[in-house]
Amino acid sequence: MDVLDRRLVAALQVSPRASWGEIARVVGEHERTVARRLQKLIAEGQVRVTTIYDDLRTGHGRPAHLHVHVRPGTAGKVAEALADRPDTRSVYALTGAADLGCELVSPSREALHRTLSTEISSIDGVLQTQTQVVLHTFRTVAEWHAPYLSEEEVAELSPAPPPEDLPDEEGLSPLEQEIAELLAADGRIAFTAVAERLAVSLPTARRRVTSLLERRLLLPRAEVEPALLGLEVEAMLWLKVRPYALDLVGQRLAAHPSVRYCAATSGTHSLIVQVVSAHEADLYRFMTGVVGAYDEIADSDLTLITRAYKRGHLRKSGLLTLEKTP
């Protein structure tokens, strides 16, 4: 991707359902140029627009992060087996003590127990797993964008902030669930297409989609490999934070432009942070200048992501993202 491509992708990350005209106005390009470039990137699989659930608030499931240790020589096969599972959202190859990282979403505690106690351990090559359950999410990957836009451009594209009094949990109605499945397959699907697919009126489709997005039960996401955006270094950082400072540290780290994901978890470390940077030197400065500034952080474990097999329920083929399939 050239500089303009990266700016357009960043704009799409800020507002995945924005029209080509809206993006063109903000970045100062012709609408035809914006449409041609972004449609090409989407057609080639460099970018996919999807939608993910706020799992905890919708009751869709309980997210958990796994460190997976495998038998030497089996990492690729185990990663593919994990990526084949419908309940895994992300699968990565890692440096460090664990060979693979995996995020899965289980619909219930019973399902999580069954998955961890029998299903994952039965995959040929898996030796050991360590699980940390998500307690609170400070930033999802859907809320991150590449650092190629000015603050003014981001502000123009950003949707209105959500109400401060959002309930902790809201279930989806049967119609909302159907809409969610359409948006997961195509995050830019038009209101007219939603109305036709679900045999509802256009005003109903528009109102229901808008409501799901405004209530932040669904989060539109423009998925692209960070390396395509010039961000070659991707790391998972596990922090042990003193309990009284967990909320403060989580919120502040989540606001940093290099942080794609930040969540509080159970387990030996209380905060997981996913960071991207252009170079190892930038990651070093993040560790020393940002993480190192907090006396409340008692310990850290840094691993690098060397390959993604799956992100946001979307399979990967090298740096390309495959289409969402049922």
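Cut-off values and rules
Residues numbered from 1 in each chain as written. Predicted model: local features only at pLDDT ≥ 70, side-chain atom pairs only at ≥ 80, totals over all residues. Heavy atoms only, no water. Helix = DSSP H or I, 4+ residues; strand = E, 2+ residues; numbered from the N terminus. Buried < 20%, exposed > 50% of the residue type's maximum accessible area, 1.4 Å probe, protein only. Phe/Tyr/Trp six-rings, centres within 6.5 Å; stacked < 30°, edge-to-face > 60°. Lys NZ or Arg CZ within 6 Å of the ring centre and 35° of its normal. Core = buried A, V, L, I, M, F, W, Y, C linked by side-chain atoms within 4.5 Å. Contact = heavy atoms within 4.5 Å. Pairing = 2+ DSSP bridges.

- For the protein, the name recorded in an unreviewed UniProt entry is Lrp/AsnC family transcriptional regulator, with Actinomadura luzonensis as its organism.

## Things to note about unusual backbone geometry
- Of note in the backbone geometry, Ala199 takes a positive phi value of approximately 55° without being a glycine.
- Counting through the fold element by element, Ala199 comes out in the loop between helix H9 (191-198) and helix H10 (202-214).
- Overall, Ala199 belongs to the exposed group, its relative accessible area being 71%.
- The phi torsion at Arg216 lies on the positive side, around 60°, for a residue other than glycine.
- By secondary structure assignment, the location of Arg216 is in the loop between H10 and strand E6 (218-223).

## A few points about the packing of aromatic side chains
- Evaluation of the coordinates by the stated rule reveals zero aromatic pairs.
- Stacked on the ring of Trp20, the Lys or Arg Arg188 has its end atom at 4.0 Å from the ring centre.
- Residue placement shows Arg260 over the ring face of Trp144; its charged tip is 5.1 Å from the ring centre.

## What to know about the nonpolar core
- Grouped together as the largest cluster of nonpolar side chains are 30 residues, with contacts concentrated most on Leu12, Ile23, Val34, Leu38 and Leu149.
- Contributing elements (two or more residues each) for this core: helix H1 (3-14), helix H2 (20-27), helix H3 (31-44) and helix H7 (151-157).
- With seven residues, the top contributor of residues to this core is H1.
- Beyond its immediate stretch of four places on either side in the chain, Val34 contacts Leu8, Trp20, Ile23, Ala24, Val27 and Glu29.

## Digging into the pairing of strand E3 (residues 88-94)
- Of all seven residues that make up E3, seven are buried, and the element is covered over most of its length.
- Bridge analysis of E3 against strand E4 (residues 100-106) gives five bridges, and the strand direction is antiparallel. If you follow Tyr92 over to E4, its bridge partner there is Gly101.
- As consecutive antiparallel partners, E3 and E4 are separated by five residues, and within that stretch Gly96 has a phi angle of approximately 95°, a positive value.
- Where E3 and strand E10 (residues 297-311) come together, four bridges link them in antiparallel fashion. Paired with Leu94 across the two strands is Ile305, which belongs to E10.

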